[in-house]
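Structural features, examined
One-letter residues, chain by chain:
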Amino acid sequence: MSDPTPHEPRPSALDDPAPRAAEPAASPSRLGGWDAVKLVYVLYLVGFAVPLCALAGVVIAYAKRDEAPPAEASHMAFQIRSFWVGLAAIVLGSVLTLVLVGWLVMAAWAVWAVARFVTGLLKALDAKPVSDPEGYGFAA
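The text that follows walks through the structure, step by step, so that each part is easy to find. Keep in mind the model is a prediction, meaning the values are calculated, not measured. (Residues numbered from 1 in each chain as written. Predicted model: local features only at pLDDT ≥ 70, side-chain atom pairs only at ≥ 80, totals over all residues. Heavy atoms only, no water.)

Over its 27 residues, helix 3 (residues 70-96) runs 38 Å from end to end, which matches the ideal 39 Å to within 8%, given 1.5 Å per residue. Regarding helix 3, the residues found buried are E72, S74, H75, M76, F78, Q79, I80, S82, F83, G86, A89 and G93. In the core, the buried residues of helix 3 are packed alongside helix 1 (33-46), helix 2 (51-64) and helix 4 (102-125). (Helix = DSSP H or I, 4+ residues; strand = E, 2+ residues; numbered from the N terminus. Expected span 1.5 Å × (residues − 1). Buried < 20%, exposed > 50% of the residue type's maximum accessible area, 1.4 Å probe, protein only. Contact = heavy atoms within 4.5 Å.)

Following this line, the structure appears as structure tokens:
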């Protein structure tokens, strides 16, 4: 059976000649402060299975660190340092796998990274700053 009323095309925004009010300015990012810090730690931990997540995490840390208060900025500095040291360890470990020592380097890096990310996340959940954001230790 056919519909007795003809279908009319829906008007699109391009068909509307009436001027529209200006769109409101973009609101500030909803992801900020402690939420951004926690998200980066989670992305780093997921990065063990999906490495691009770690890359997304460091991008967020770089993007948010300038607008973050000191406590959150300490976490972001810690996260950024962890990323670059981790990348260096992975590259070094990959090269050293040719002489079979690389697996030990990458295993040591994995333990170091998990310890840093978990302790950092725990401090972030308590809204406490990292004690030594520029350090290389295991704990945040």
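The structure having been displayed, the exposition proceeds.
To continue, consider the packing of helix 1 against helix 2. Here helix 1 crosses helix 2 at 160°, and the two axes come no closer than 7 Å. In terms of orientation, helix 1 and helix 2 fall into the roughly antiparallel class. You can see that helix 1 and helix 2 cross each other, and the crossing is left-handed. Across the interface between the two elements, A36, L39, V40, L43, Y44 and V46 from helix 1 touch C53, A54, A56, G57, V58, I60, A61 and K64 from helix 2. Counted by class, the contact of helix 1 with helix 2 contains 12 nonpolar, 1 polar and 1 charged residues. (Axes fitted to C-alpha atoms, helices over the stretch in contact; angles between N-to-C directions. Parallel < 35°, antiparallel > 145°, perpendicular 65-115°, else oblique. Left-handed = near helix turned anticlockwise from the far one by under 90°. Nonpolar A, V, L, I, M, F, W, Y, C, P; charged D, E, K, R; others polar.)

Further remarks concern the packing of aromatic side chains. Taken as a whole and judged by the stated rule, the model has 5 aromatic pairs. Aromatic pair F48 and W109: ring centres 5.3 Å apart, planes at 40°, arrangement tilted. Of the two residues, F48 sits in the loop between helix 1 and helix 2 while W109 sits in helix 4, which places them 61 residues apart along the sequence. On the basis of relative accessible area, W109 is assigned to the buried category, the value being 19%. (Phe/Tyr/Trp six-rings, centres within 6.5 Å; stacked < 30°, edge-to-face > 60°.)

Quick look at unusual backbone geometry now. Not every positive phi belongs to a glycine, and L100 is a case in point at roughly 70°. Along the chain, L100 falls in the loop between helix 3 and helix 4. Its relative accessible area of 65% is what places L100 among the exposed residues. Although it is not a glycine, A127 sits at a positive phi angle of roughly 55°.

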